[in-house]
Amino acid sequence: MEEFPTEFTASSLTGAIVVRTTEQGLPVGIIVDADELQQDPTALAAEVLRLCQKSAKRAGLARREQLAAVGFDPKLLAATGLPTEAEVAAAEIVEEQEYDTEPQSWLRSV
């Protein structure tokens, strides 16, 4: 059996922020484009947190798929609380719809 990954990643829709996390969503690395550092620190922190949570959901799905592949009973899998593919997809669709893609200002640094 293939070894389960120890790190997972998630990135913002623009790719300007990328987080590497543990399976539980704890950040182990963050890459932020310089332009993103100009935004409100609270908004930046919220985006990093959202990406950590997204990474954790994807890791949970990967763990669920791994357990299913080795023959875990579907009832036991349901009891683990690990997200299903449909749950992860639905959460990501909602996040994309709520994602603030409008600029905070029309001014840009030159």
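You'll find the structure just up there.
Described below are features of the structure shown in this document.

Here we take up the side chain of R50. As for its placement among the helices and strands, R50 is situated in helix α1 (residues 41-69). On the basis of relative accessibility, which here comes to 17%, the residue R50 falls in the buried class.

Here strand β2 (residues 17-21) runs beside strand β3 (residues 27-32); their pairing, made up of five bridges, is antiparallel. In the sheet register, R20 faces β3, and the bridge partner there is G29. Between β2 and β3, which pair antiparallel one after the other, the connecting turn spans five residues, and G25 there sits at a positive phi close to 95°.

Under the criterion given, the structure shown has one aromatic pair. Between the aromatic rings of F4 and F8, the centroid separation amounts to 5.7 Å while the plane-to-plane angle is 50°, which identifies the pairing as tilted. No difference in accessibility class separates F4 from F8, as the two residues are buried. The ring of F4 carries R63 above its face, with NZ or CZ at 3.7 Å from the centroid.

Definitions and cut-offs
Throughout this document, residue positions are counted from 1 along each chain, in the order its sequence is written. Totals for whole chains, interfaces and linings use all residues, but because this is a predicted model, local features are given only for residues with pLDDT of at least 70 and pairs of side-chain atoms are given and counted only at 80 or more. Note: side-chain values were computed over all heavy atoms of the structure, leaving out hydrogens and water. Counting from the N terminus, the helices are the DSSP runs of H or I reaching at least four residues and the strands are the DSSP runs of E reaching at least two. Relative accessibility under 20% of the residue-type maximum defines a buried residue, over 50% an exposed one, and the middle range a partly exposed one, all with a 1.4 Å probe and only protein chains included. Strand pairing requires that DSSP identify at least two bridges connecting the strands. Here is the rule: rings of Phe, Tyr and Trp (six-membered ring for Trp) pair when centre to centre is within 6.5 Å. Planes less than 30 degrees apart are stacked, more than 60 are edge-to-face, and the remainder are tilted. When the NZ atom of lysine or the CZ atom of arginine is within 6 Å of a ring's centre and also within 35 degrees of its normal, the charge is said to sit over that ring.

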